[in-house]
Amino acid sequence: MKAMILAAGRGERMRPLTDTIPKPLLNVGRIPLIGHHLQRLQAAGFRDIVINHAWLGQQIEATLGTGCAYGVNIRYSAEKEGGLETAGGIATALPLLGCKPFLVINGDVLTDIDFAQALKIGERIQQTGKLAHLWLVDNPQHHPEGDFSLTQTGDVTEQQPYNPTLTFSGVGVYHPALFNNIQPHTRARLAPLLRTAMQTDQVSGEYHAGYWLDVGTVERLNQANQWVIESGGE
């Protein structure tokens, strides 16, 4: 199974840090933020990783190279300035991701989600005809309204009054068919695709009770560093 790390964002809320360094390369502990994903993907058995980039993307390629320092094989999907949004970026990278379900991780989150689960989830997606599987987390302070609801049968739906509203973690397994109607190299958001698939019960999900942080501000970058120190990581 292949994995993709989304690393094309500009990181506006992290300026001026991100004026000269792409957000995925900001250090959390002693390694770049994106390095924590690479370490955990390698430990979970992933070897083939795709990384998209736009803002200062050559720095990402120069720093990570082929991925050998992390025990993985990295291929890059370069995007035009400004990026292509999530769905556009994934659709553009599909030739590198193949025809089977794949794992996608937002490059600016820090989490202990067990990426090894993705392999079984991918097999289940193929068997059931689902198009996506999302990890959902408690709503953080900066996003109290949440995104979606999770039913007792494990389907992800639009927000419902009788099911708790949760926040999408930015980690999911997707079938390539979810992106069938997105032309490569065009801007497209992921949420509309997911909401359309939810209407026909094609999105499953699960609640993650462990650690998750959207590293979107300098304050939360400091929180990420503190978590790494307390958890004994690098």
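Here, every reference points to the structure presented above.
Residues numbered from 1 in each chain as written. Predicted model: local features only at pLDDT ≥ 70, side-chain atom pairs only at ≥ 80, totals over all residues. Heavy atoms only, no water.

**Considering the pairing of strand 5 (residues 73-78)**
Note the threshold: Here, a strand pair is defined by DSSP locating no fewer than two bridges between the strands. For helices the rule is a DSSP run of H or I covering at least 4 residues; for strands it is a run of E covering at least 2, with both sets numbered from the N terminus onward. Viewed with both strands pointing away, a crossover whose connecting path from the first strand over the helix to the second turns clockwise is right-handed.
Here strand 4 (residues 48-53) runs beside strand 5; their pairing, made up of six bridges, is parallel. When the bridges of strand 5 are listed, His53 appears paired with Ala78. Handedness of the β-α-β unit built from strand 4, helix 2 (residues 57-64) and strand 5 comes out right-handed.

**With respect to the nonpolar core**
To keep it simple, the criterion reads: We define a nonpolar core as any set of buried Ala, Val, Leu, Ile, Met, Phe, Trp, Tyr and Cys residues linked to one another through side-chain atoms lying within 4.5 Å. For the exposure calls, accessible area comes from a 1.4 Å probe over protein chains only, and a residue counts as buried if that area is under 20% of its type's maximum, exposed if over 50%, partly exposed in between. Contact definition: two residues touch when any of their heavy atoms are within 4.5 Å.
If you look at the biggest cluster of nonpolar residues, it comprises 32 residues, and the most contacted ones within it are Ile90, Leu134, Tyr174, Leu178 and Phe179. Elements that contribute at least two residues to this core include exactly strand 1 (3-7), helix 3 (85-97), strand 6 (102-106), strand 8 (132-137), strand 9 (148-150), strand 11 (165-174) and helix 5 (190-198). No other element matches helix 3, which puts seven residues into this core. Not counting residues within four places of it along the chain, the set of residues in contact with Leu134 comprises Phe148, Val156, Phe168, Val171, Gly172, Tyr174, Leu194, Val203, Ser204, Gly205 and Glu206.

**Let's talk about unusual backbone geometry**
Both trends apply: most residues other than glycine have a negative phi, and most peptide bonds are in trans. Cis geometry is found at the peptide bond from Arg15 to Pro16, where omega equals 10 degrees. Unusually for a residue other than glycine, Leu56 sits at a positive phi of about 50 degrees. By the element assignment, Leu56 lies in the loop between strand 4 and helix 2. Take Leu56: its relative accessible area is 26%, and that puts it in the partly exposed class. One non-glycine residue, Asp201, adopts positive backbone phi at about 55 degrees. Examined against the element boundaries, Asp201 turns out to sit in the loop between helix 5 and strand 12 (203-207).

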